[in-house]
Amino acid sequence: MNVYFDNAATTPLDKKVLEKMLPYMEQGYGNPSSIHKKGREIKSAIEKSRSKIAELLSCEPGEIFFTSGGTEADNMFLINTVIEKNIDALITTKLEHHAVLHCCDYLSKVNKTKIRFVETNEKGDINYQDFEDALKSNKRSLVSLMHGNNEIGNINNLKKISKICTQYNAILHSDTVQTIGHYKIDLNDINIDGIVGSAHKFHGPKGVGFLYLNNKHKISPYIHGGSQERNMRGGTENVYGIIGLAEALKISCEEMDEHKEKIISVKRKMIELLQNKIDGIKFNGLSDNLEKSLYTVLNVSIPGIDDQQMFLFNLDMNNIAASGGSACSSGSDIGSHVLAEIKKYDGHSSIRFSFNKYNSIEEVEYVVDKILEIIKI
Ligand SMILES: Cc1ncc(COP(=O)(O)O)c(C=O)c1O
């Protein structure tokens, strides 16, 4: 059996998405900026994709800007907002993805921006009192708090965060890379300035994503060049990527309830089997709480496993793909900054299993059997 349980890193491309993209790889080669028919046709396909995404998120097409993925969209929002909006402090937590944290490092070095980290507890929950204290002590804040954590799966209550930000007149950005395509996001229903999406997290192609930029929040271009993306991002568009992104989001939104139900049953089974068969197993963050964590992510610490890399290697030898934390900076062995922060990394291996719509209960049973063999219980 071959099991892919590393879907928070990336998901396999849906065949229906590939079919939609292929004609744009073969015949649809016109440059969308060209004024002849071959170009105009492609431009129109891009705009249809933009409108589809806007419709699915309940926003205006003009509020969607295509990017190379989640990282670029986060950078685009955070860097230009800080530079242009007289921001006194960027308020975030140490549990964010590096796409946000490394922007903070950059801004604090280059722009001397004050970065204020809100406290989180051993489960990764935000301390809301500390959050309000941070907002109170700064005149103009930019808040960046992710929706779903890619490592431990914790879901932040965006509506609650948005209400608090509105009360303190703070600008709000959320890294929604792990929730777009998996949870209903209705931008009519929440006051937020920017969110981001990445196609490869919901069975779309890699290297394409978007920034939603609320019409009320104007910033300057991030990439300077041609007039693509209404002057916000120069460079010839990733045409088939954009087509794939819109199709993947359409399928994910249309089939969301069905996928959610299936994936939750897979995650529930994994929790149940691990709990029953491994004494002292720990679930990190809120990942065993089905209400408060992403249904796609389960982060565990297995007693007796001190060498995480060796354990992952043994899983790999049994054709099981899982991860030791975030795979987004593959090659680095510094360990998970998220696990380090929530102080759960107590010498036990932390392994992230993350699921998709194609996974099954049989795969869970196979993986748990192999884990037991590896740890020789
Ligand atoms: C929460 C989060 N933000 C941002 C990213 C980066 O997205 P991309 O790979 O599209 O740049 C990831 C990827 O793992 C992620 O999980």
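Look a little higher up for the structure.
The structure reproduced in this document is the subject of the present report.

## A look at the overall build of the chain
Thinking step 1. Scanning the chain from N- to C-terminus turns up 11 helices and 12 strands.
Thinking step 2. Against the globule reference of 21 Å for 377 residues, the chain gives a C-alpha radius of gyration of 21 Å, in line with a compact fold.
Thinking step 3. Each principal axis of the C-alpha distribution contributes one length, and for the chain these read about 65 × 55 × 35 Å.
Thinking step 4. In the chain, which comprises 377 residues, the share counted as buried stands at 56%.
Thinking step 5. Element-wise, carbon and sulfur atoms account for 49% of the exposed surface of the chain, whose accessible area totals about 16500 Å².

## Observations concerning the packing of aromatic side chains
Thinking step 1. This model, assessed by the stated rule, comprises 4 aromatic pairs.
Thinking step 2. On the basis of an interplanar angle of 85° and a centroid distance of 5.0 Å, the ring pair of Phe 5 and Phe 355 is categorised as edge-to-face. Of the two residues, Phe 5 sits in the loop between strand S1 (3-4) and helix H1 (15-26) while Phe 355 sits in the loop between strand S12 (349-354) and helix H11 (361-375), which places them 350 residues apart along the sequence.
Thinking step 3. Taking the relative accessible area as the measure of exposure, Phe 5 reaches 0% and is therefore buried.
Thinking step 4. With relative accessibility at 2%, the residue Phe 355 sits in the buried group.
Thinking step 5. Both rings, one in Tyr 183 and one in Tyr 295, keep their centres 5.2 Å apart while their planes meet at 50°; by these two values the pair is tilted. Within this pair, whereas Tyr 183 is found in the loop between strand S6 (171-174) and strand S7 (194-198), its partner Tyr 295 is found in the loop between strand S9 (282-283) and strand S10 (297-302), the two being separated by 112 residues in sequence. The residues Tyr 183 and Tyr 295 share a single accessibility class, namely buried.
Thinking step 6. Taken together, the ring pairs in this structure connect Phe 5, Phe 353 and Phe 355 into an aromatic cluster.
Thinking step 7. Lying across the ring of Tyr 128, Lys 160 places its NZ or CZ 3.9 Å from the centre.

## Observations concerning the packing of helix H5 (residues 128-136) against helix H6 (residues 158-167)
Thinking step 1. Between H5 and H6, the least distance of the axes is 10 Å, while the angle of their chain directions is 25°. Between H5 and H6, the crossing angle belongs to the class labelled roughly parallel. The handedness of the crossing between H5 and H6 comes out as right-handed. Judged by residue contacts, Tyr 128, Phe 131, Glu 132 and Leu 135 of H5 engage Lys 160, Ile 161, Ile 164, Cys 165 and Gln 167 from H6.
Thinking step 2. Of the residues belonging to the contact of H5 with H6, the class tally is 6 nonpolar, 1 polar and 2 charged.

## Here's the deal with a nonpolar patch on the surface
Thinking step 1. Residues Leu 13, Leu 18, Leu 22, Met 25 and Tyr 240 make up a contiguous nonpolar surface patch of roughly 390 Å² in combined accessible area.
Thinking step 2. The element contributing the most residues to the nonpolar patch is H1, with 3 residues.
Thinking step 3. Here Met 25 lies in helix H1.
Thinking step 4. The exposure class of Met 25 is partly exposed, given its relative accessible area of 40%.

## Comments concerning the sheet that holds S10
Thinking step 1. Across the sheet, 3 strands lie side by side as S9-S10-S12; this open sheet has antiparallel pairing. Lying at the two open borders of the sheet, with one neighbouring strand each, are S9 and S12.
Thinking step 2. Across 2 bridges, S9 lies against S10 in antiparallel orientation. Of the residues in S10, the one forming a bridge with Lys 282 is Ser 301.
Thinking step 3. Across the sheet, helix H9 (residues 308-317) lies against S10 and S12, angled at about 35° from S12, the strand it touches most.

## Here's the deal with the side chain of Glu 63
Thinking step 1. In this structure, Glu 63 sits in the loop between helix H2 (37-57) and strand S2 (64-67).
Thinking step 2. Lys 218 provides the closest opposite charge to the buried, salt-bridge-free Glu 63, at an N-O distance of 7.4 Å.
Thinking step 3. Within the structure, the side chain of Glu 63 is placed 2.8 Å from the backbone nitrogen of Asn 215, a separation counted as a polar contact.
Thinking step 4. Not counting residues up to four positions away in its chain, the partners in contact with Glu 63 are Leu 211, Tyr 212, Leu 213, Asn 214, Asn 215 and Arg 230.

## Some words on unusual backbone geometry
Thinking step 1. Positive phi values are uncommon outside glycine, yet Asn 86 reaches one of about 50°.
Thinking step 2. Residue classification places Asn 86 among the exposed residues on the basis of a relative accessible area of 67%.
Thinking step 3. Phi angles above zero are rare outside glycine, and Asn 319 is one such case at about 60°.
Thinking step 4. Relative to the elements of secondary structure, Asn 319 occurs in the loop between H9 and strand S11 (320-321).
Thinking step 5. Asn 319 sits in the partly exposed class, given a relative accessible area of 38%.

Procedures and definitions
Residues numbered from 1 in each chain as written. Predicted model: local features only at pLDDT ≥ 70, side-chain atom pairs only at ≥ 80, totals over all residues. Heavy atoms only, no water. Helix = DSSP H or I, 4+ residues; strand = E, 2+ residues; numbered from the N terminus. Rg over C-alpha atoms; globule rule 2.2 N^0.38 Å. Buried < 20%, exposed > 50% of the residue type's maximum accessible area, 1.4 Å probe, protein only. Areas by Shrake-Rupley, 256 points an atom, 1.4 Å probe, with all protein chains shown as cover. Phe/Tyr/Trp six-rings, centres within 6.5 Å; stacked < 30°, edge-to-face > 60°. Lys NZ or Arg CZ within 6 Å of the ring centre and 35° of its normal. Axes fitted to C-alpha atoms, helices over the stretch in contact; angles between N-to-C directions. Parallel < 35°, antiparallel > 145°, perpendicular 65-115°, else oblique. Left-handed = near helix turned anticlockwise from the far one by under 90°. Contact = heavy atoms within 4.5 Å. Nonpolar A, V, L, I, M, F, W, Y, C, P; charged D, E, K, R; others polar. Patch = residues over 30% accessible without salt bridge, like charges linked within 9 Å, V, L, I, M, F, W, Y side chains within 5 Å. Salt bridge = Lys/Arg side-chain N within 4 Å of Asp/Glu carboxyl O. Pairing = 2+ DSSP bridges. Lys, Arg positive; Asp, Glu negative; His and termini not counted. Polar contact = N/O pair within 3.5 Å; in protein donor to acceptor, adjacent residues only side chain to side chain.

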